[in-house]
Amino acid sequence: MKCLADNTKKADKEILSAIAQDPMENLHLSLLKWTLGVRKRTANIPIWGDTGRCPIGMEMTKLLVDFLNRLVLLDTADSPQIVRHAFIEQFNLGLDWYTSTKILCGKFDPNAFTHQRNGTNHLKPNSLLIKNRIKEWFKTKWNSARRTSSKLTFYNLIKDELCYEPYLQLRDHKKAKTLAWLRTSSHRLNVETRRYGTRNTSIHRRVCDFCSSDDKDTLELLFNLPTTQPIIENEEHFLADCPKYQQLRNDRGMELRELLRVKNFREIFDERYILETSNFVYKLFKMRFDIT
């Protein structure tokens, strides 16, 4: 809650980064990544997006605001209960949980006056309204950060809403995992593995090894010419273009083949095609990386 209260006016990417660094959310993301079978360093945006999960602290907002409401009522009634005296002490100390919750209540339910000791105004914050508004605020920030991320080019082709994805219901975890690799860019295609390092910063180093020469230095000189474009081994090339996997595409059903031909990647992850797509993507990765 303190993280949210402190960062609601920062840039979208900074906000999501600060939220992910919260110890509780960091654990939440680690569990989600472990469940999906992706690397720990996988970008957080597609993890939230594909699982349809908002940060866990936001899910707990209603409980926290309801708890604060009960404490305020005890204080208003001048209750002799020990919990009320503990609350007064925390109020006087200005502890983070109270201060942050009060700030958020003011931002997301401005008609509610949270608490004023020895005062007369004690309007009850609407905990469900606050929770829903915080989640909608997060989805807006998530969308903005997703659209502007240079690392999520493929993800932006297939995803525009934070919601649970059908592939997560597949019984075959190995195939679901390869779909997660592809969607979240948590894979070993050259577009990712050659993104880092002193000699790998150039986009020309990320070419498809099957479709391009082994002489990378000569290729880089050629790619500097205005008429030559590198064939990058990215998700789009892997799925639809590389001739190395053409027989795998030919073995698909007619509808999936057509979707791949026109590069309608969003549709291939639809519930109607997800089983066939999972078989196809699993075979692609098995052929490319000899996975088991």
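Below: a short report on this structure.

**Brief notes about the packing of helix H2 (residues 12–21) against helix H9 (residues 127–147)**
Interhelical geometry of H2 versus H9 gives an angle of 115° and a closest axis separation of 8 Å. Where H2 crosses over H9, the handedness of that crossing is left-handed. Contacts from Asp12, Lys13, Ile15, Leu16 and Ile19 in H2 reach Trp137, Phe138, Lys141, Trp142, Ser144 and Ala145 in H9. Across the contact of H2 with H9, the residue classes tally to seven nonpolar, one polar and three charged.

**Details of the environment of Asn132**
Relative to the elements of secondary structure, Asn132 occurs in helix H9. Here the alpha-carbon distance between Asn132 and Met58, two residues 74 residues apart in the chain, equals 8.8 Å.

**Observations regarding the nonpolar core**
Core analysis: the largest hydrophobic core is formed by 61 residues, its most contacted members being Trp48, Phe138, Leu182, Leu239, Ile268, Phe269 and Phe285. Broken down by element, the residue count for this core peaks at seven residues, all from helix H18 (residues 274–289). Ignoring anything within four residues of it in the chain, the contact list for Phe285 reads Thr178, Trp181, Leu182, His187, Phe238, Asp290 and Ile291.

**Description of the side chain of Thr61**
Within the secondary structure, Thr61 sits in helix H6 (residues 61–76). Judged by relative accessible area, which is 0%, Thr61 ranks as buried. Within the structure, the side chain of Thr61 is placed 2.9 Å from the backbone oxygen of Met58, a separation counted as a polar contact.

**Describing the environment of Val262**
Take Val262: it is sitting in the loop between helix H16 (254–261) and helix H17 (265–268). Taking the C-alpha atoms as reference points, Val262 and Ala240, separated by 22 residues in sequence, lie 8.7 Å from one another.

**Considerations on the packing of aromatic side chains**
Applying the stated rule across the entire model yields 11 aromatic pairs. For the ring pair Trp97 and Tyr98, a centre distance of 6.1 Å and an interplane angle of 80° mean the geometry is edge-to-face. Assessed through its relative accessible area of 23%, Trp97 is described here as partly exposed. Judged by its relative accessible area of 4%, Tyr98 falls in the buried class. Three or more aromatic residues joined by ring pairs form one cluster here, namely Trp181, Phe238, Tyr245, Phe285 and Phe289. The ring of Phe269 is capped by Arg183, whose NZ or CZ atom sits 4.7 Å from the centre of that ring.

Thresholds, definitions, all that
- Residues numbered from 1 in each chain as written.
- Predicted model: local features only at pLDDT ≥ 70, side-chain atom pairs only at ≥ 80, totals over all residues.
- Heavy atoms only, no water.
- Axes fitted to C-alpha atoms, helices over the stretch in contact; angles between N-to-C directions.
- Helix = DSSP H or I, 4+ residues; strand = E, 2+ residues; numbered from the N terminus.
- Left-handed = near helix turned anticlockwise from the far one by under 90°.
- Contact = heavy atoms within 4.5 Å.
- Nonpolar A, V, L, I, M, F, W, Y, C, P; charged D, E, K, R; others polar.
- Core = buried A, V, L, I, M, F, W, Y, C linked by side-chain atoms within 4.5 Å.
- Buried < 20%, exposed > 50% of the residue type's maximum accessible area, 1.4 Å probe, protein only.
- Polar contact = N/O pair within 3.5 Å; in protein donor to acceptor, adjacent residues only side chain to side chain.
- Phe/Tyr/Trp six-rings, centres within 6.5 Å; stacked < 30°, edge-to-face > 60°.
- Lys NZ or Arg CZ within 6 Å of the ring centre and 35° of its normal.

So yeah, pure geometry; function would need other evidence.
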